[in-house]
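Here are the chains, one letter per residue:
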Amino acid sequence: MISQRVNYIINYFKVALLNIKSNITGNLFAFAIMSFSYFIMLFFLLCYVNIYNYMRLFQKNNIMIVFLKNGAKKDNVINYIKTIKGIKNIHYYSHKSSLKFLEGKVNHIRSILKGVNPDFLPSFIKIRFKKDAISKIFLSNIYLRIKTFKGVSIVYYNKLLEDKIVQFMFFTKVIGLIIFIFLFILSIFISYSAIKLVILRKQTEIEILKLIGATNSYIRIPMFIEGEIGTILSFFLSVLLLFLIFKTFIYYHFSDFLAYFHINIIFLSGWQIFLIFIIALVSGFLGTYLSSKKFFYEPAI
Amino acid sequence: MISQRVNYIINYFKVALLNIKSNITGNLFAFAIMSFSYFIMLFFLLCYVNIYNYMRLFQKNNIMIVFLKNGAKKDNVINYIKTIKGIKNIHYYSHKSSLKFLEGKVNHIRSILKGVNPDFLPSFIKIRFKKDAISKIFLSNIYLRIKTFKGVSIVYYNKLLEDKIVQFMFFTKVIGLIIFIFLFILSIFISYSAIKLVILRKQTEIEILKLIGATNSYIRIPMFIEGEIGTILSFFLSVLLLFLIFKTFIYYHFSDFLAYFHINIIFLSGWQIFLIFIIALVSGFLGTYLSSKKFFYEPAI
Amino acid sequence: MIEFNHVYKSYDKNYILRDLNFNVNKGEFIFITGPSGAGKTTTLKMLIALEKPTHGTIKFIDTELQNLKPKDIPFLRRKIGFVFQDFKLLSNRTVFQNVALGLEVSGIFGDVIVKNVTEILKAVELFVKKDEYPLSLSGGEQQRVAIARALIQNPQVLLADEPTGNLDEDTSRIIIDLIKSFNNKGTTVILATHDKNLIRMGRARTIDITKS
Amino acid sequence: MIEFNHVYKSYDKNYILRDLNFNVNKGEFIFITGPSGAGKTTTLKMLIALEKPTHGTIKFIDTELQNLKPKDIPFLRRKIGFVFQDFKLLSNRTVFQNVALGLEVSGIFGDVIVKNVTEILKAVELFVKKDEYPLSLSGGEQQRVAIARALIQNPQVLLADEPTGNLDEDTSRIIIDLIKSFNNKGTTVILATHDKNLIRMGRARTIDITKS
Ligand SMILES: Nc1ncnc2c1ncn2[C@@H]1O[C@H](COP(=O)(O)OP(=O)(O)OP(=O)(O)O)[C@@H](O)[C@H]1O
Ligand SMILES: Nc1ncnc2c1ncn2[C@@H]1O[C@H](COP(=O)(O)OP(=O)(O)OP(=O)(O)O)[C@@H](O)[C@H]1O
Ligand SMILES: [Mg+2]
Ligand SMILES: [Mg+2]
């Protein structure tokens, strides 16, 4: 019984390989089309991951600056701020360091600030928030609370930017998801067409096999094997391709340049690749299933 | 003779339509795969156009600032600068306007600059160069020339950024070209596979037609018609799709947000779409030609 | 063993067969005859559940074919060898592989295949062509491959549709003798033909479906 | 009109035909005969330049076939009607369209098609099936469609490979009579068969290629 099963399995693989061999061009096309589809998928994921990564940078920059009135008690203010949740760190800048800050901002006309009296400049507190604690409501809330505190002159934070970033992050997520679902369906569709290209040639073969008493699984299992071999190979080809392109990119120092814009390029993680691999497997399976379905529809007699 | 030709042409179209009808699923797949390929192509072009457009913005920002020594004769300097080629415009900032410039730069601490005496600040000249005149050698040259001129204190321009942008523009062009060639080959390949999917089913038909005395053009012309119908339809579908996506993007004010980053989204121009259309036609033609070629190879008897 | 009861068959309202009734006993050898388009092929196809009678019932051993579930059809077909009028060979497999398929679909693998296929190919005088592909065979040779594939399953029933249509008299005789020898070993044979010579050679019960 | 001079034909070093010599005159009716696998089909195929003799020359009217350029082959084939052993019908076209194709490939369109196709389909007794697709025809009916397609071109030469292999005696006679009537109007006919009955019916010169 078990040896019989093994015989069947060996036979299925033999038939699958025979099929691949006897329609090598068809299989190569299917292979190439699928590679392309997975490549596009991986490429989009790579772009998405990098855009997402880049945008987290903006989030990290969420800073609030509290200018103090002349003669205000800085310790009171600092202690009050410390009671607020979600703060990463607080930094106090005295009049003097304020001047330094200004000099840093307008570096090329630095010389002319030399005559400025530090007391002209305000003292202020810079608050840096934790990434995950930032949401629109949160920051505007805090803004209102600090603004009304005694000794505080102006509270400054980039409200517009914050709104936009929250909104953009949201859209990025939604669009990312939509594109992903779209690509998933697309990859099934492409596997479907590609495998159909291979299977169509077998229509007569399938009919004949059924006529001489082959069961559906006898006919179908080699097809699934054939489909999955194509899927797996084309998946690895596409990962390899993407990786080589990525490496070339790094090699020619494009990433250095992008780093200049604070864009830091990263490759896909193992998990992300694995995710696409699963999608590839599923789409290979569904592709085979769908494209061979009509041959196995048997009206009850 | 002419009516005979017309008869032939009508017959070719009839046969092409009959073929499409009798393999409607196959044609739909080919159609979908090709649409996808053209869509990807158009999408890349759209991205490329926008990136390129965005980067021109950096180029436009190529400005050189010449700080004058106190008491220098500004007219001498200005006249000298005017002799340099490739300059778009020159702007002189007096001590007072220099203060305004500074205030603009550090807007949120504006109040504290109130006490500053304008004479502390330098007077300077802002030079804006023509876009097309900018190259690394050009700007560094001018830099050296102006720097040594009498009455000039410091010449400031963003040398590093300039280098990087020139380099990046170059790479963008090269990479754009490479991707484009890649996509072109790909689209031929995809048309090839898609049309092959349709033609493969016709192998027996072609053999039979040849046996009963059909000339190669009698068999092939309907195939080309079929292929080009698919190509044209799928091209228009993909343009439509891209346009709808673009409109949705605009509709939901994503572009407003991007405008915040000085990114200005534009759609493809008629010429660019026409370019892809030509590529589509060519790839449809080559696809049909290549995928049907082997049926028409006839060794001399 | 096989019973046709009041079988009617129509395609788009055109009745091909009207009230066809006949029995075939186990081990019998019968001819089905009738002119071109009479419905010989259709009759045989109904036996392997490839076509469905419009009215009436067909019984094979104990099975009423109209009650057969789709998943049982392959098992019915393994009991019945079928020589198709248009051969139905796989063009991407050699003669040997085509014949071996008759066994492989039933889950028989290994050495026994080589032995049986060799034997049957010798019987139909095609062993020298075992590595050729069907497209490079003559019409009569293809027909003999089809016969070999049907016989190798050692079926309980052999249905042969015009099995000598492409064969000359001598080769026909070899084939008929081969089928007869299977018949003598207990295989029930139903042979559809309009070849009067063959019927004369076979000397067996003849059912003329036009007269039903 | 047709001359075979010392024609040899081999596939992979196996000689099927050795030193085949014969002439066919314009308007003649001849049979080519021989057992299964003798090379009848191959002989006919060489005449439409589908196969190439290994040695020797074949002359058709004034053309030496070995000198024919690929682009001239379609024009040769339009002069020769061929009834294939396996019919070679297009499965996605109706009976009518299949027969009409014989004219369309030669650049004939319009009303004349309807008239001629109707006529020839009536002659082979298939007019009622004109809108059916080949797959829903019986073997004999398909064969008659193939014959109709070959005859509609009104060819100078008709090559028929086993044209009655799937036909009963009565239908065979109709077909032979039809072919004879074309022959009487001047068409040269070469008919490959191993059916002794048919040869008896035809009463014409017979070439046995095994004896060459
Ligand atoms: N799928 C189908 N759809 C419509 N008509 C069909 C179909 N199959 C067969 N027929 C018709 O049924 C009739 C009987 O066909 P069948 O193949 O059984 O004839 P047959 O007796 O085997 O003839 P032959 O000796 O020529 O092979 C024919 O007229 C044929 O056109
Ligand atoms: N393409 C090919 N490659 C190899 N061998 C071939 C090829 N075509 C035909 N043959 C062989 O040539 C021989 C003659 O074939 P052909 O079809 O001419 O025979 P035939 O006389 O028509 O036989 P039948 O009466 O069975 O149709 C056969 O043995 C066949 O196997
Ligand atoms: Mg039949
Ligand atoms: Mg033959």
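No experiment lies behind these values; they were computed from the predicted model shown.

A. Quick look at the sheet that holds strand β7 (residues 157-161) of chain D. All names here are of chain D. One open sheet holds the five strands; their spatial order is β6-β7-β8-β3-β9, and the pairing between them is parallel. Unpaired on one side and paired on the other, β6 (80-83) and β9 (205-208) mark the two borders of the sheet. Averaged over neighbouring strand pairs, the angle between their axes works out to 15 degrees when direction is ignored. Sheet topology places β6 next to β7; four bridges connect them, and they run parallel. Looking at the pairing, Gly81 lines up with Leu158 of β7. Of the strands in this sheet, β6 and β7 touch helix α5 (residues 139-152), which is tilted by about 180 degrees from β6. Against the sheet, helix α6 (residues 169-184) contacts β3 (29-33), β7 and β8 (188-192), and its axis sits at roughly 150 degrees relative to β8.

B. Main features of empty space enclosed by the protein. Per the counting criterion, the structure on display carries ten cavities of 30 Å³ or more. Put simply, the largest cavity is a space of about 370 Å³. Lining the largest cavity are 28 residues; nearest its centre among them are Asp195(C), Asn197(C), Gly165(D), Asp195(D) and Asn197(D). Every element with two or more residues in the lining of the largest cavity is listed here: α6 (169-184) and α7 (196-202) of chain C together with α6 and α7 (196-202) of chain D. Considering only residue class, the lining of the largest cavity consists of six nonpolar, twelve polar and ten charged.

C. How the structure looks around the interface of chain D and chain B. Between chain D and chain B, the contact holds 30 residues from the first and 21 residues from the second. Carbon and sulfur atoms supply 64% of the area that chain D and chain B bury against each other, a total of about 2300 Å² over both sides. The interface formed by chain D and chain B contains one salt bridge. Taking the shortest distance from any N to any O, the salt bridge between Glu205(B) and Arg93(D) comes out at 3.3 Å. For the pair chain D and chain B, the number of links is seven residue pairs in polar contact (both at pLDDT 80 or more). Elements supplying a minimum of two residues to the side of chain D that touches chain B: α2 (73-79) and α3 (95-104) of chain D.

Criteria and thresholds
- Residues numbered from 1 in each chain as written.
- Chains lettered and ligands numbered in written order.
- Predicted model: local features only at pLDDT ≥ 70, side-chain atom pairs only at ≥ 80, totals over all residues.
- Heavy atoms only, no water.
- Pairing = 2+ DSSP bridges.
- Helix = DSSP H or I, 4+ residues; strand = E, 2+ residues; numbered from the N terminus.
- Axes fitted to C-alpha atoms, helices over the stretch in contact; angles between N-to-C directions.
- Contact = heavy atoms within 4.5 Å.
- 1 Å grid on protein atoms, 1.4 Å probe; cavity = no way out; pocket = protein on both sides within 12 Å on 5 of 7 lines; lining within 4 Å.
- Points joined across faces, edges and corners; volume = space filled by probe spheres on them.
- Nonpolar A, V, L, I, M, F, W, Y, C, P; charged D, E, K, R; others polar.
- Buried area = accessible area lost by both parts, 1.4 Å probe.
- Salt bridge = Lys/Arg side-chain N within 4 Å of Asp/Glu carboxyl O.
- Polar contact = N/O pair within 3.5 Å; in protein donor to acceptor, adjacent residues only side chain to side chain.

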